[in-house]
Amino acid sequence: SAVISQKPSRDICQRGTSLTIQCQVDSQVTMMFWYRQQPGQSLTLIATANQGSEATYESGFVIDKFPISRPNLTFSTLTVSNMSPEDSSIYLCSVEGRDTGELFFGEGSRLTVL
Amino acid sequence: GNSVTQMEGPVTLSEEAFLTINCTYTATGYPSLFWYVQYPGEGLQLLLKATKADDKGSNKGFEATYRKETTSFHLEKGSVQVSDSAVYFCALNKPSGSARQLTFGSGTQLTVLP
């Protein structure tokens, strides 16, 4: 298993500002995943972050809005840029387990944009 | 494409009641099926899984059987406890699919009252 820590756990932000979420894993992993969970919605994959290369974004998500860093094998950041109320969500960091399809998640970062 | 439909919540039960959370899916081929659980203030964690038809996944008193004929993977527990209060997510992945290919349902909030 993997232990994943996210910061901040929650924040209230003003429209137009940006916020960076940090994700720390207790072991080295090749890929880290960033998900968004909008109120009452399912989890949606934003991007996959590989160490040493640019993140791979899913349809509907772009680097200018959600820049990602992956400086080493245990850490990643996701920035939510130029926030609007529609960005109010829980953002989750995740890594893959040994079994196919198994994911380990951080506790999530709940953002509220006013 | 793949999709997962979950029973809408919230679900409120008394302690020791029987629990069923319905999950049906649409997918090509023979996906692997999962139930994830998110306890308050924590990240999602894998509860159980099944990788082929008629398989039964079980953990912590929860069970779910992979029913290909009805494309279902309903979660059941014979006697719930207050500590089972959480959000439950059904998910699927194609065989040997990477974690980024997981498709999640919208989640079902369960509250168990003493």
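That block above? That's the structure.
If you're wondering where the values come from, they're calculated on a predicted model, not measured in any experiment.

Engineer: Is there a simple way to explain the sheet that holds strand β3 (residues 19-21) of chain B in this structure?
Structural biologist: Remark on secondary structure: sheet strands pair via backbone hydrogen bonds, oriented parallel or antiparallel. Residues and elements named next belong to chain B. Taken in spatial order, the 4 strands line up as β3-β9-β8-β7 in an open sheet, and their pairing is antiparallel. The two strands at the open ends of the sheet, each matched to only one other strand, are β3 and β7 (56-59). Each strand axis lies, on average, 20° off the axis of its neighbour in the sheet, ignoring direction. As paired strands, strand β8 (residues 62-65) and strand β9 (residues 75-77) are joined by 3 bridges and run antiparallel to one another. In the strand pairing of β9, glutamate 63 is matched with glutamate 76.

Engineer: What am I meant to see in the state of the cysteines here?
Structural biologist: Note on terminology: disulfide describes a covalent bond linking the sulfur atoms of two cysteines. According to the stated counting rule, one finds 2 disulfides over all chains in the structure shown. The residue that forms a disulfide with B:Cys23 is B:Cys90, at a sulfur-sulfur distance of 2.0 Å. One quick way to see it: the torsion about the S-S bond of B:Cys23 and B:Cys90 is about -70°, and its sign makes the bridge left-handed. Taken together, the residues span a long stretch of sequence, with B:Cys23 in strand β4 (residues 23-26) and B:Cys90 in strand β10 (residues 86-93) at a distance of 67 residues. Assessed through its relative accessible area of 1%, B:Cys23 is described here as buried. The structure places no disulfide on A:Cys13, whose sulfur is separated from the nearest cysteine sulfur, that of A:Cys23, by 18 Å.

Engineer: Honestly, the pairing of strand β5 (residues 43-50) of chain A in this entry has me stumped. Any pointers?
Structural biologist: Every other side chain in a regular strand lies on the same face of the sheet, so the side chains alternate between the two faces. All names here are of chain A. Among the 8 residues in β5, 6 count as buried, and that is most of the element. Counting the residues that bridge the hairpin from strand β4 (residues 31-37) to β5 gives 5 residues, and of these glycine 40 lies at a positive phi of roughly 70°. As defined by bridge partners, β5 adjoins strand β6 (residues 56-57) across 2 bridges and the pair is classed as antiparallel. Bridge assignment links threonine 48 to a residue of β6, and that residue is threonine 56. Hairpin connection from β5 to β6: 5 residues lie between these consecutive antiparallel strands, with glycine 52 at a positive phi of about 90°.

Engineer: Which parts of the structure should I look at to understand the environment of B:Glu42?
Structural biologist: All names here are of chain B. Positionally, glutamate 42 belongs in the loop between β5 (32-38) and β6 (45-50). Of the residues examined, glutamate 42 reaches a relative accessible area of 38% and is grouped as partly exposed. Separated by 44 residues in the primary sequence, glutamate 42 and alanine 86 place their C-alpha atoms 9.7 Å from one another.

Engineer: Is there a simple way to think about the interface of chain B and chain A in this case?
Structural biologist: Frequently, the measure chosen for interface size is the accessible area that the parts lose on association. With 20 residues of chain B at the contact, the number on the chain A side is 21 residues. Taken together, both faces of the contact between chain B and chain A bury some 1600 Å²; the carbon and sulfur share is 57%. Put simply, chain B and chain A have 0 salt bridges between them. Put simply, chain B and chain A have 3 residue pairs in polar contact (both at pLDDT 80 or more) between them. Residue assignment for the side of chain B that touches chain A shows that the elements contributing at least two residues are β5, β6 and β10 of chain B. Top contributing element to the side of chain B that touches chain A by residue count: β5(B), with 3 residues. For the side of chain B that touches chain A, the residue count by class is 8 nonpolar, 9 polar and 3 charged.

Engineer: For this particular structure, what's the right way to read the sheet that holds strand β8 (residues 75-80) of chain A?
Structural biologist: Residues and elements named next belong to chain A. Taken together, the 4 strands give an open sheet; going across it, the order is β1-β3-β8-β7, and neighbouring strands pair in antiparallel fashion. With one partner strand each, in any of the chains shown, β1 (4-7) and β7 (68-72) form the two edges of the open sheet. Neighbouring strand axes in the sheet, compared pairwise and without regard to direction, differ in orientation by 15° on average.

Reading the values: the criteria
Residues numbered from 1 in each chain as written. Chains lettered and ligands numbered in written order. Predicted model: local features only at pLDDT ≥ 70, side-chain atom pairs only at ≥ 80, totals over all residues. Heavy atoms only, no water. Pairing = 2+ DSSP bridges. Helix = DSSP H or I, 4+ residues; strand = E, 2+ residues; numbered from the N terminus. Axes fitted to C-alpha atoms, helices over the stretch in contact; angles between N-to-C directions. Disulfide = S-S within 2.5 Å. Buried < 20%, exposed > 50% of the residue type's maximum accessible area, 1.4 Å probe, protein only. Contact = heavy atoms within 4.5 Å. Buried area = accessible area lost by both parts, 1.4 Å probe. Salt bridge = Lys/Arg side-chain N within 4 Å of Asp/Glu carboxyl O. Polar contact = N/O pair within 3.5 Å; in protein donor to acceptor, adjacent residues only side chain to side chain. Nonpolar A, V, L, I, M, F, W, Y, C, P; charged D, E, K, R; others polar.

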